[in-house]
Amino acid sequence: MSLEYTSSEMMSVTAARALENGMTCFVGIGLPSEAANLARLTHAPDVVLIYESGTLQTKPDILPLSIGDGELCESALTTVAVPEMFRYWLQGGKVDVGFLGTAQIDRFANLNTTLIGDYKAPKVRLPGGGGAPEIATNAGEVFITLKHSKRAFVKDVDFVTTLGFGRDGKGRDNVPNIGKGPTRVITDLCVMKPDPETKELVVVSLHPGVSREDVIDATGWEVSFAEQLESTPEPSENELTILRELKARTERAHGGE
């Protein structure tokens, strides 16, 4: 009998599996942090997690509320100044992968965390880029995780906060000293990767129980599917148990118990 799990758990487990043991990962708050710490607690105990506040090789027992959460500093091997974090570690090419979330993503994996609507009269103002623009252009590669909907997956983002492959898919062409950019996008429906030629995101794997129509209905452009479309492996009992325990500890800690 298959294990029972939610689409959010499926997303977090799949995102965690993208990280390999020994990688150095620059972690974003929220879903990326959940996935990165799940990886550390399961198949990748030696993954090196770095947060924007300067915490190196941190091993939090609970998920941080922000990059300034004391849990990150208390459990880190060491903490360095933010300028050192960016200039030496990130721009120095010492980060294998940046793990990011976003509010909007387009077909060329550009990210928008600035605003929704017209720049001069936006419908919604978002928190901004933080360190994401630098992470996306200096890390060796970038993983992105977010929930799949037409509000989030749009043909063209309203504002390019963080570069994927530019408005035409050629934004990284012939640019020296820049990483590969986004290499996979993990959602609660599927896994997407950029086409090698056009750089447009293509669905390469569907999660169990998800159809092509489900993805089409949740995507704001005419999405393409890989010729050899795979089925994402289900979470294991161990992965689900550890994820649920992590989230329960976090809820108790942030709830003041």
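For the structure itself, look to the data block above.
Just so you know, these numbers come straight off a predicted model, no measurement behind them. (Residues numbered from 1 in each chain as written. Predicted model: local features only at pLDDT ≥ 70, side-chain atom pairs only at ≥ 80, totals over all residues. Heavy atoms only, no water.)

1. Remarks on the pairing of strand S13 (residues 201-206)
Okay, step 1: Most of S13 is tucked away: five of the six residues are buried.
Okay, step 2: One ladder, built from five bridges, connects strand S12 (residues 190-194) with S13; its direction is antiparallel. Pairing of Val191 across the sheet is with Ser205, part of S13.
Okay, step 3: Here S12 hands over to S13 after six residues, with Lys199 in that stretch at a positive phi of 70°. (Buried < 20%, exposed > 50% of the residue type's maximum accessible area, 1.4 Å probe, protein only. Helix = DSSP H or I, 4+ residues; strand = E, 2+ residues; numbered from the N terminus. Pairing = 2+ DSSP bridges.)

2. Some words on the packing of aromatic side chains
Okay, step 1: Across all of its chains, the model carries five aromatic pairs by this definition.
Okay, step 2: Seen in terms of ring centroids, Tyr88 and Trp89 are 5.2 Å apart; in terms of plane orientation they differ by 85°. Their pairing is edge-to-face.
Okay, step 3: On the basis of relative accessibility, which here comes to 44%, the residue Tyr88 falls in the partly exposed class.
Okay, step 4: For Trp89, a relative accessible area of 24% corresponds to the partly exposed category.
Okay, step 5: With a centroid separation of 5.6 Å and an interplanar angle of 85°, the aromatic rings of Phe99 and Phe143 are classed as edge-to-face. Residue Phe99 is found in strand S5 (residues 97-100), and its partner Phe143 is found in strand S10 (residues 141-145); the two are separated by 44 residues along the sequence.
Okay, step 6: Over the aromatic face of Phe143 sits the side chain of Arg184, whose NZ or CZ is 5.0 Å from the ring centroid. (Phe/Tyr/Trp six-rings, centres within 6.5 Å; stacked < 30°, edge-to-face > 60°. Lys NZ or Arg CZ within 6 Å of the ring centre and 35° of its normal.)

As far as function goes, none of this settles anything; it's purely spatial.
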